[in-house]
Amino acid sequence: MSEHGATTAKGTSVHGANDPASAAMKLWRPPLQTHDDAWLPERDQSVAKSDDAIRNNPMLQGGIRSQIDQVVGDHYRMSYDARHEHLVAAGMSDSEAVTFADAVEEQFDLDARSLENWFDASGRMNLTEMCGCAMYTHYRQGESIQIAHYLSTAEKRGDRPFATAVQIVNPDRVISPFAVIEDRYLRAGFRHNKRGYAIGMHVLNRHPNEVSLLGRLGLGDEFQYITRHTPWGRSKWQHLRLVEAADQTRGRSGLIAGLKKERMLSKFEETMLSNAITRAFYAAVIESDDPKTAFEGLALQDTPNPNESALDQMALRAAYYQGENELTMIDSTIAHLYKGDTMKILTPDGQVGFMDPFTAIFMRYLARTLDISYEELSGDYTKTNYSGSRAGKLQSEASRRAFASRSPEKFGRFMGGLWLEENCASARLPFPGRTSRARLNRFLEHKERLCQFIFSGPGTGHIDPVKGTEAAMNELKMGATTLKRYCATYLNADWREIVRQRAEEYRVAGAQGLDLNAMLGIGAPAAPARTQRPETDDDE
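These figures come from a predicted structure and were not determined experimentally.

1. Quick notes on the nonpolar core
In terms of nonpolar packing, the biggest core is built from 66 residues, with Tyr 80, Leu 87, Phe 100, Phe 119, Leu 127, Trp 419 and Leu 420 touching the most fellow members. Ignoring sequence-local partners within four residues, the contact set of Leu 87 consists of Tyr 80, Ala 82, Met 92, Ala 97, Phe 100, Ala 101 and Leu 450. In terms of nonpolar packing, the next biggest core, distinct from the first, is built from 10 residues, Ile 145, Val 174, Phe 190 and Trp 237 among them.

2. Observations concerning the packing of helix H2 (residues 35–56) against helix H3 (residues 58–71)
At a closest axis distance of 5 Å, the pairing of H2 and H3 adopts a crossing angle of 95°. When the interaxial angle is binned, H2 and H3 end up roughly perpendicular. Counted together, Ala 53, Ile 54, Arg 55 and Asn 56 of H2 and Pro 58, Leu 60, Gln 61 and Ile 64 of H3 form the full contact between these two elements. Of the residues assigned to the contact of H2 with H3, the class counts are 5 nonpolar, 2 polar and 1 charged.

3. What about unusual backbone geometry?
One non-glycine residue, Asn 117, lies in positive phi territory at about 55°. A positive phi is found at Ala 188, a non-glycine position, where the angle reads about 55°. Its location among the elements puts Ala 188 in the loop between strand E4 (186–187) and strand E5 (190–192).

4. Here's the deal with the pattern of salt bridges
For the structure on display, the rule yields 18 salt bridges. Between Glu 244 and Arg 252 there is a salt bridge; the shortest N-O distance is 3.0 Å. Between Glu 505 and Arg 502 there is a salt bridge whose closest N-O contact spans 3.8 Å. Of this pair, Glu 505 and Arg 502 both sit in helix H19 (residues 495–511), 3 residues apart, which is roughly one turn of the helix. Residue classification places Glu 505 among the partly exposed positions, given a relative accessible area of 34%.

5. Remarks on the packing of aromatic side chains
Under the definition given, this model contains 13 aromatic pairs. Both rings, one in Tyr 80 and one in Phe 100, keep their centres 6.0 Å apart while their planes meet at 75°; by these two values the pair is edge-to-face. One end of the pair, Tyr 80, is in strand E1 (residues 77–80); the other, Phe 100, is in helix H5 (residues 94–112), with 20 residues separating them in the sequence. Centre to centre, the rings of Phe 178 and Phe 223 are 5.3 Å apart; their planes meet at 80°, and the pair counts as edge-to-face. Taken as a pair, Phe 178 in the loop between strand E3 (164–169) and E4 and Phe 223 in strand E7 (residues 223–227) lie far apart in primary sequence, 45 residues in all.

6. A closer look at the environment of Phe 362
Relative to the elements of secondary structure, Phe 362 occurs in helix H11 (residues 356–369). For the pair Phe 362 and Lys 260, spaced 102 residues apart in the sequence, the C-alpha separation amounts to 9.9 Å. Those residues within four positions of Phe 362 in sequence are excluded, and the remaining contacts are Lys 261, Met 264, Leu 265 and Phe 268.

7. Some words on the sheet that holds E3
Here we have 3 strands laid out as an open sheet, ordered E3-E2-E8, and antiparallel in their pairing. Among the strands making up the open sheet, the edge pair consists of E3 and strand E8 (237–241). Averaged over neighbouring strand pairs, the angle between their axes works out to 20° when direction is ignored. Taken together, the 5 bridges between strand E2 (residues 143–150) and E8 define a ladder with antiparallel strand orientation. Looking at the pairing, Glu 143 lines up with Arg 241 of E8. Docked against the sheet, helix H14 (residues 408–425) engages E2, E3 and E8, running at close to 155° with respect to E3.

Procedures and definitions
- Residues numbered from 1 in each chain as written.
- Predicted model: local features only at pLDDT ≥ 70, side-chain atom pairs only at ≥ 80, totals over all residues.
- Heavy atoms only, no water.
- Core = buried A, V, L, I, M, F, W, Y, C linked by side-chain atoms within 4.5 Å.
- Buried < 20%, exposed > 50% of the residue type's maximum accessible area, 1.4 Å probe, protein only.
- Contact = heavy atoms within 4.5 Å.
- Axes fitted to C-alpha atoms, helices over the stretch in contact; angles between N-to-C directions.
- Helix = DSSP H or I, 4+ residues; strand = E, 2+ residues; numbered from the N terminus.
- Parallel < 35°, antiparallel > 145°, perpendicular 65-115°, else oblique.
- Nonpolar A, V, L, I, M, F, W, Y, C, P; charged D, E, K, R; others polar.
- Salt bridge = Lys/Arg side-chain N within 4 Å of Asp/Glu carboxyl O.
- Phe/Tyr/Trp six-rings, centres within 6.5 Å; stacked < 30°, edge-to-face > 60°.
- Pairing = 2+ DSSP bridges.

Just distances and angles here, no functional claims.
Here you go:
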């Protein structure tokens, strides 16, 4: 009888996972431990293996790059999504709320795409590139960390429009100080309170494995402790990761689960390449129809007529294949053969593509670790149809939306909130308030309602443009979606710009005496359906 009162026969188990008769289950005894105890001791080596796999596996690297391009693209656009009544509650009139929303979108887009890279503390990347970098780091290490800076007057140039900047930090630099013993409040560089809330982090001024003499000796190391917020609530850093357990401190990349399969796939590919190289070898053999065999020729060496010996025949052939008649295989040039000779090409025997099924299996494993379809990772759509392609596209889009919500979109909202706070307080945006302090206090009072952003990357498009557009039009007519959301999701465009441009086109066309609706076929009556002529005996 067990401690819970259940009675089981000796040597048996209610669950197959604990079947003592199964050797595989009997020998499988993983330890029961917390997420941090299982992951943190192996984190550094696992991250190094993940980096090496991405660097050296073009299929894996291409799949990650494709994901980043489809989530972030070349323009990660922000749409200001604060509700009109919330802007009015912040002290704006109806017209001022509309003007403020337009100004936020226009100014943010200008700053985000500026060649001066205002948002990056290092001045290397614009906002789109920073979001892509954060997403790439998230794939590699399962987490990304950003630190917010408010540049002093000495740090920023005179033409800088705002002082807020963000620095992307390598997660490897966030570690506990070397001379400090970790406990329940300090774990893997993060300090927590008694409820597990991260209140600060320790950042090393270099990479722990950076090759330098001082670093090896432990000299010149400086740890910076950064609290989570300023006294007035401004965020100072952000830690993005997929939370898999309640007590989880650091993120874990999904690639870790597929690294073993990736190494096996690499070995398979190397074997297939070696097999292909071996099969490319050939040997050219010249066969002669001389009636005398080599054995008979050797026996005739003492005959009165030596020209009839096989050795003499071989010597004549050797002399023939010199000079102009020399055989050259590299340049694919075959000279005239000696009378009675034929050429035969010998190649190794073996199956071709016998490892393709195994490669496809491992590729499917890697595709699942990236949460994309097999066809999207391999680029092979020859074995799928429209329904399969559409199902794979929907699955990949769902995973990309989920990934975007916990990595690049959170990064954009983090940056957008910091930017909006400063620009509202500095009156760079038309925010109500007479003084900087009054505007800041008003902003902090309505911060959660004001900091509402939607970020969208390249449009997803449609597999069948006609069917997709018709479905979108039906959703618009039903009120299931909005023009703003459709433009952001499928076109990566600002609906306001489209409406303004359409109004301008109608105005110019009307001034020229043209009916734009008639030119585009908008509102035109549908063509009458063509009736089929009944068949008669004369048609036969």
